[in-house]
Amino acid sequence: MSLDYNPNIIPKAKELRKNMTPQEKHLWYDFLSEYSKTFRFQRQKTISNYIADFYCHEAKLFIELDGSQHFTDEGKTYDKERTEILRAYGLTVIRFTNYEIDRNFDGVCKSIDNFIKNYVENMQKS
């Protein structure tokens, strides 16, 4: 299935790509960019009306890094609605807090790796 996207948000995605948070930079440069040699990840990928922090088309995986704005009532409501829409596309959304990136980076990387390995294993069984 081809993923719809709103072309009007592409400039915002490009801006976010140029100005990643420290946690996004850490995950990208210290893990996902190298991991991408096996499974390609994209930064700030537009999907529907949303921008994924990181997206792997092959594994249908949408990774979000959550800063403090995600913990407000508005942020939680927005994230819930967004996750429901993305799941309708057949995507899995995995969220990590900036705190997890800062304090448990290896654990975050293992979680992503485990998700990918389980996805591949399940695809091979199909």
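Residues numbered from 1 in each chain as written. Predicted model: local features only at pLDDT ≥ 70, side-chain atom pairs only at ≥ 80, totals over all residues. Heavy atoms only, no water.

Caption draft 1: Focus on the nonpolar core. With 24 residues, the main nonpolar core has L27, F41, L61, I63, I112 and I116 as its most contacted residues. By residue number, the principal contributor to this core is helix α5 (residues 105-125), which donates seven residues. In terms of nonpolar packing, the next biggest core, distinct from the first, is built from ten residues, Y50, A52, Y55 and V93 among them. (Core = buried A, V, L, I, M, F, W, Y, C linked by side-chain atoms within 4.5 Å. Buried < 20%, exposed > 50% of the residue type's maximum accessible area, 1.4 Å probe, protein only. Helix = DSSP H or I, 4+ residues; strand = E, 2+ residues; numbered from the N terminus.)

Caption draft 2: Just the environment of S111, in detail. Along the chain, the position of S111 falls in helix α5. Exposure remark for S111: the relative accessible area of 36% places this residue in the partly exposed category. Taking the C-alpha atoms as reference, S111 lies 17 Å from R40; in sequence the two are 71 residues apart.

Caption draft 3: Up close: helix α3 (residues 73-88). Between the first and last C-alpha of α3 there are 23 Å, a value that for 16 residues agrees with the 22 Å anticipated at 1.5 Å per step. For α3, every residue scored as buried is listed here: G75, D79, R82, T83 and L86. Relative to the axis of α3, the buried residues are bounded by an arc of 105 degrees and lie together on one face. Residues of α3 that are exposed and point over 90 degrees away from its buried face: D73, E74, K80 and A88. Considering only its buried residues, α3 is in contact with β1 (42-47), β2 (50-56), β3 (61-66) and β4 (92-97). Positive backbone phi, approximately 85 degrees, marks G90, located one or two places after α3. (Expected span 1.5 Å × (residues − 1). Arc of directions from axis to C-beta. Contact = heavy atoms within 4.5 Å.)

Caption draft 4: Region of the structure containing the pattern of salt bridges. Here the structure, examined in full by the defined rule, presents five salt bridges. Residues R82 and E64 are paired through a salt bridge, measuring 2.4 Å at the closest nitrogen-oxygen approach. One end of the pair, R82, is in helix α3; the other, E64, is in strand β3, and 18 residues separate them in sequence. One exposure class covers both R82 and E64, and it is buried. Ionic pairing is found between D79 and R95, a salt bridge with its closest N-O pair at 3.0 Å. Remark: R95 occurs in strand β4 and D79 occurs in helix α3; sequence separation between them is 16 residues. Judged by relative accessible area, D79 falls into the buried class, the value being 7%. (Salt bridge = Lys/Arg side-chain N within 4 Å of Asp/Glu carboxyl O.)

Caption draft 5: Structural view of the sheet that holds β2. Taken together, the four strands give an open sheet; going across it, the order is β1-β2-β3-β4, and neighbouring strands pair in mixed fashion. Single-partner strands in this sheet number two, and they are β1 and β4. For this sheet, the mean inter-axis angle between neighbouring strands, taken without regard to orientation, is 45 degrees. Docked against the sheet, helix α1 (residues 10-18) engages β1 and β2, running at close to 165 degrees with respect to β1. Running at roughly 170 degrees to β4, α5 makes contact with β2, β3 and β4 of the sheet. (Pairing = 2+ DSSP bridges. Axes fitted to C-alpha atoms, helices over the stretch in contact; angles between N-to-C directions.)

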